[in-house]
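# Examination of the molecular architecture
The lines below spell out each chain.
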Amino acid sequence: MSHIVTGKVGVRYTDRNLLIRALSPHGNIYENESLYEVGNGLTRSKYQLVLVAKENNQFRIGYNLVEGTWKQFQENYGSVGAWTQRVTERVQDRYLAFGYEKQLISEGFEVTVTETKDGSFEVVALEEMY
């Protein structure tokens, strides 16, 4: 039987806006929404932020703010689990790239973030001339 578990994420999500920006290309984002549990349908528990895949509304990842960090919750079973794993990796990469962008802009750099064909991100920072 499947069940919702805490996601194993290598990035500490602390900035809600950056997280939403990292999630947005992967589906629709809702507040106070349930996750889908294989075999049981939607959960009774609600999550503060939920990413719902555009191609299948059963594919969902939830986030709750716990002690300053957005903790990830997910179903790891079957095709839902495969999607979750794939999206989790992409969200982490995007969150880091946008985090570097934000930091560099605050330091006075002109920054562009580009996703390459292989899915990696290139962050280019140019120091503004005085």
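Up top is the structure these notes are about.
Let us look at the structure shown here. (Residues numbered from 1 in each chain as written. Predicted model: local features only at pLDDT ≥ 70, side-chain atom pairs only at ≥ 80, totals over all residues. Heavy atoms only, no water.)

### Re the environment of W70
By the secondary structure assignment, W70 is in strand β5 (residues 69-75). Judged by its relative accessible area of 7%, W70 is buried. Sequence separation between W70 and S45 is 25 residues, and the spatial gap between their C-alpha atoms is 16 Å. Leave out the neighbours within four places in its chain, and W70 touches Y13, T14, R16, L19, Q48, L49, Y63, N64 and L65. (Helix = DSSP H or I, 4+ residues; strand = E, 2+ residues; numbered from the N terminus. Buried < 20%, exposed > 50% of the residue type's maximum accessible area, 1.4 Å probe, protein only. Contact = heavy atoms within 4.5 Å.)

### Looking at the nonpolar core
Counting 19 residues, the largest nonpolar core has Y13, L19, Y63, W83, V91 and Y95 as its most contacted members. Going through the elements one at a time, α1 (16-23), β3 (41-52), β4 (60-66) and α2 (78-106) are the ones with two or more residues in this core. Setting aside its immediate chain neighbours within four residues, L19 contacts Y13, L49, Y63, W70, V91 and Y95. The next biggest cluster of nonpolar side chains, apart from the first, holds six residues, and it includes I4, L35, V52 and F73. (Core = buried A, V, L, I, M, F, W, Y, C linked by side-chain atoms within 4.5 Å.)

### Examining unusual backbone geometry
One non-glycine residue, N32, lies in positive phi territory at about 55°. Examined against the element boundaries, N32 turns out to sit in strand β2 (residues 28-37). For E67, which is not glycine, the phi dihedral falls at a positive 50°. Secondary-structure assignment places E67 in the loop between β4 and β5.

### Section: the pairing of β2
Pairing between β2 and β3: eight bridges, direction antiparallel. If you follow Y36 over to β3, its bridge partner there is L42. A loop of three residues connects β2 with β3, the two strands running antiparallel in sequence, and G39 in this loop sits at a positive phi of about 90°. (Pairing = 2+ DSSP bridges.)

By themselves, these observations are geometric and do not establish any function.
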